[in-house]
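Each chain is listed here by its residues.
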Number of protein chains: 2
Amino acid sequence: MTAPKLDGRVERGDQTRRAILDRAAAIASVEGLEGLSIGRLAAELDVSKSGLFAHFGSKEELQLATVRWAGKVFVAEVIAPALRSPAGLRRLWRLCDGWLDYSNRRVFPGGCFFASVMAEFDARPGRVRDAIAEAHRDWQRYLQESISTARELGELTADADPRQLTFELDAFTRATQDALLFDEQGVYTRARRAMLHRLRAVAIDPGLLPRSPR
Amino acid sequence: MTAPKLDGRVERGDQTRRAILDRAAAIASVEGLEGLSIGRLAAELDVSKSGLFAHFGSKEELQLATVRWAGKVFVAEVIAPALRSPAGLRRLWRLCDGWLDYSNRRVFPGGCFFASVMAEFDARPGRVRDAIAEAHRDWQRYLQESISTARELGELTADADPRQLTFELDAFTRATQDALLFDEQGVYTRARRAMLHRLRAVAIDPGLLPRSPR
């Protein structure tokens, strides 16, 4: 994809594709991936259905491309900022805190894109479910590696179990879905408090963590 | 509704209604409440569309009736069994453990009915969202009251915060959705371990709790 990038038509095509996927991910976070029809998306974006078909070929391909796009957005919004903190407990905290910010800022209007579509597809086997599960697994794997790194750096007690801790921290992020359901912000504070409490219990130096959940 | 109950036709009508709602809740737990069309349900149950309309009148009424029905199932499967344990920490544990069992036994084929439909409707204001939010609030309220009772009975430390603890225990139940997404059972063990660990930390007599997460 290096040479074609110099071609103006291809560049415009890439921009169009990004605009389409941005809108598709926004819709899916509110109404689910099944709500994504090529006809509806064409109407909302004021482009032709045949143009959309040229980009994606089928509804399933559009759904898969949307899941991949949302994964890139998640990496840019949650993972990349955490990399600016030093590896170990501080980065782990930035990751947890960054997830809450990403949900709270409504990067996707329906809250976390993945929280929305996981519940939609978890009991529906197929390529779309596999892509969602893979993206979710990637996040959990990254979280678990960050915990393991903090332990290897001597910043967490030796009995901190990375897999168990991953389950618990991930659970706290996901339960903030209630902020949407109840139109209330308190759950973000409770999630932050729960994460801080859990990490303090296994931190060698709790001073690396914030004092209060804000 | 006492006198009409003696009428055989009304009784048969009630049975039909229950059968319809049972099927509707099963479908919705897998495919969401939007997937519930009267036409599809009529075809699956081999009854006439006009008969279904006579029962529910509209798709929205059918969705609302399905949410209410699922709430009754949840009470029968999770709340009622916990009432057999003595009030306090033991009942609180039965409640947490019972929730995991209910999800794991697939009372609804798509896991917890509410976990499925909450993600579907959280960003879609309206009567259906309100009904789902109310049912979810009822569960959280009951969980919080159970924690408060255990504290009042002197079975939890005075600094145990019922609202915060409710958030955390509820988060652990909901994260078991991964059992569906990844077809794996380990998350139930991790959820049980997380709950036990959290409750042990605030229990005056940890002997009231099981020794291991099974």
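Residues numbered from 1 in each chain as written. Chains lettered and ligands numbered in written order. Predicted model: local features only at pLDDT ≥ 70, side-chain atom pairs only at ≥ 80, totals over all residues.

This part takes up the overall build of chain A. Secondary structure summary: chain A contains ten helices and zero strands in total. Shown N-terminal to C-terminal, the secondary structure of chain A runs as helices and strands in the order α-α-α-α-α-α-α-α-α-α. When the backbone C-alpha atoms are referred to their principal axes, chain A occupies close to 60 × 45 × 30 Å. Residues counted as buried form 43% of the 214 residues belonging to chain A. Partitioning the intrachain contacts of chain A with sequence separation of at least 6 by distance along the chain shows that 59% fall at a separation of at least 24. (Helix = DSSP H or I, 4+ residues; strand = E, 2+ residues; numbered from the N terminus. Buried ≥ 20, exposed ≤ 12 C-beta atoms within 10 Å, placed from the backbone. Contact = placed C-beta atoms within 7 Å.)

As a further point, take the nonpolar core. Core analysis: the biggest nonpolar cluster contains 122 residues, and A:Phe114, A:Ile132, B:Phe114 and B:Ile132 have the highest contact counts within it. In contact with B:Phe114, not counting residues within four places along its chain, are B:Ala70, B:Ile132, B:Ala135 and B:His136. (Core = buried A, V, L, I, M, F, W, Y, C linked by C-beta atoms within 7 Å.)

It takes a turn of 180° to lay chain A on chain B, together with a shift of 0.0 Å along the axis; the resulting RMSD is 0.0 Å. Interpreted geometrically, this transformation is the action of a two-fold axis. No C-alpha of chain A lies nearer the rotation axis than that of A:Ala171, which sits 2.6 Å from it. When you check the interface residues of chain A against chain B, 100% turn up at the interface there too, and the contact is symmetric in its surfaces. (Least-squares fit on C-alpha atoms with pLDDT ≥ 70 in both.)

This next bit is on helix H7 (residues 127-152) of chain B. With 26 residues, H7(B) should cover 38 Å at 1.5 Å per step; its first-to-last C-alpha distance of 36 Å lies within 8% of that length. Every buried residue belonging to H7(B) is among B:Val128, B:Arg129, B:Ala131, B:Ile132, B:Ala135, B:His136, B:Trp139, B:Leu143, B:Ser146, B:Ile147, B:Ala150 and B:Arg151, and all of these are buried. On its buried face, H7(B) sits against helix H9 (178-181) of chain A together with helix H4 (59-82), helix H5 (89-104), helix H6 (113-121) and helix H8 (162-174) of chain B. Positioned one or two residues after H7(B), B:Gly154 has a phi angle of 75°, which is positive. (Expected span 1.5 Å × (residues − 1).)

Residue and element names in this part refer to chain B. In the contact formed by H6 and H7, the axes pass within 10 Å of each other and the chain directions differ by 135°. In this view, H6 runs oblique relative to H7, as classed from their interaxial angle. The two elements H6 and H7 cross, and the hand of that crossing is left-handed. In this structure, H6 uses Phe 114, Val 117, Met 118 and Phe 121 to contact H7, whose residues at the interface are Val 128, Arg 129, Ile 132, Ala 135 and His 136. (Axes fitted to C-alpha atoms, helices over the stretch in contact; angles between N-to-C directions. Parallel < 35°, antiparallel > 145°, perpendicular 65-115°, else oblique. Left-handed = near helix turned anticlockwise from the far one by under 90°.)

Next up on the list: the confidence of the model for chain A. Residues and elements named next belong to chain A. The share of residues in chain A with pLDDT of 70 or more is 94%, and the mean pLDDT across the chain is 90. A low-confidence stretch, residues 1-5 (pLDDT under 50), is modelled with three contacts involving residues beyond four sequence positions or located in other chains. Two numbers describe this predicted complex: its pTM, 0.90, and its ipTM, 0.89. (pLDDT = per-residue confidence, 0-100.)

To continue, consider the environment of A:Asp159. Residues and elements named next belong to chain A. Residue position: Asp 159 is located in the loop between helix H7 (127-152) and helix H8 (162-174). Its 7 C-beta neighbours within 10 Å are what place Asp 159 among the exposed residues. In the structure, Asp 159 is positioned 102 residues away from Gly 57 in sequence and 51 Å away in space, judged by C-alpha atoms.

Here the focus is the interface of chain A and chain B. Chain A puts 32 residues into the contact, and the matching count from chain B is 32 residues. Contributions of two or more residues to the side of chain A that touches chain B are made by helix H1 (8-31), helix H6 (113-121), H7, H8, H9 and helix H10 (186-202) of chain A. With seven residues, H8(A) is the single largest residue contributor to the side of chain A that touches chain B. Considered class by class, the residues forming the side of chain A that touches chain B number 16 nonpolar, seven polar and nine charged. (Nonpolar A, V, L, I, M, F, W, Y, C, P; charged D, E, K, R; others polar.)

On to the environment of B:Arg141, then. All names here are of chain B. Mapped onto the secondary structure, Arg 141 falls in helix H7. The exposure class assigned to Arg 141 is exposed, which follows from the 11 C-beta atoms found within 10 Å. Placed 69 residues apart in sequence, Arg 141 and Pro 210 show a C-alpha to C-alpha distance of 24 Å.

Residue and element names in this part refer to chain A. The geometry of H8 relative to H10 is characterised by a closest axis approach of 9 Å and an angle of 170° between their N-to-C directions. By the angle between their directions, the pair H8 and H10 is classed as roughly antiparallel. Residues Glu 168, Leu 169, Phe 172 and Thr 173 of H8 form the contact with H10, whose participating residues are Ala 191, Ala 194, Met 195 and Arg 198. Partitioned by chemical class, the residues of the contact of H8 with H10 number five nonpolar, one polar and two charged.

Given 3.6 residues to a turn, an α-helix orients residues that are three or four positions apart in the same direction. Residues and elements named next belong to chain A. If you check helix H5 (residues 89-104), its first and last C-alpha atoms are 23 Å apart, about what 16 residues at 1.5 Å a residue would give, namely 22 Å. Residues of H5 that are buried include every one of Leu 89, Leu 92, Trp 93, Arg 94, Leu 95, Cys 96, Asp 97, Trp 99, Leu 100, Tyr 102 and Ser 103, and no others. Those residues of H5 that are buried are in contact with helix H4 (59-82), H7, H8 and H10. Downstream of H5 by one or two residues, Arg 106 has phi in the positive range, about 55°.

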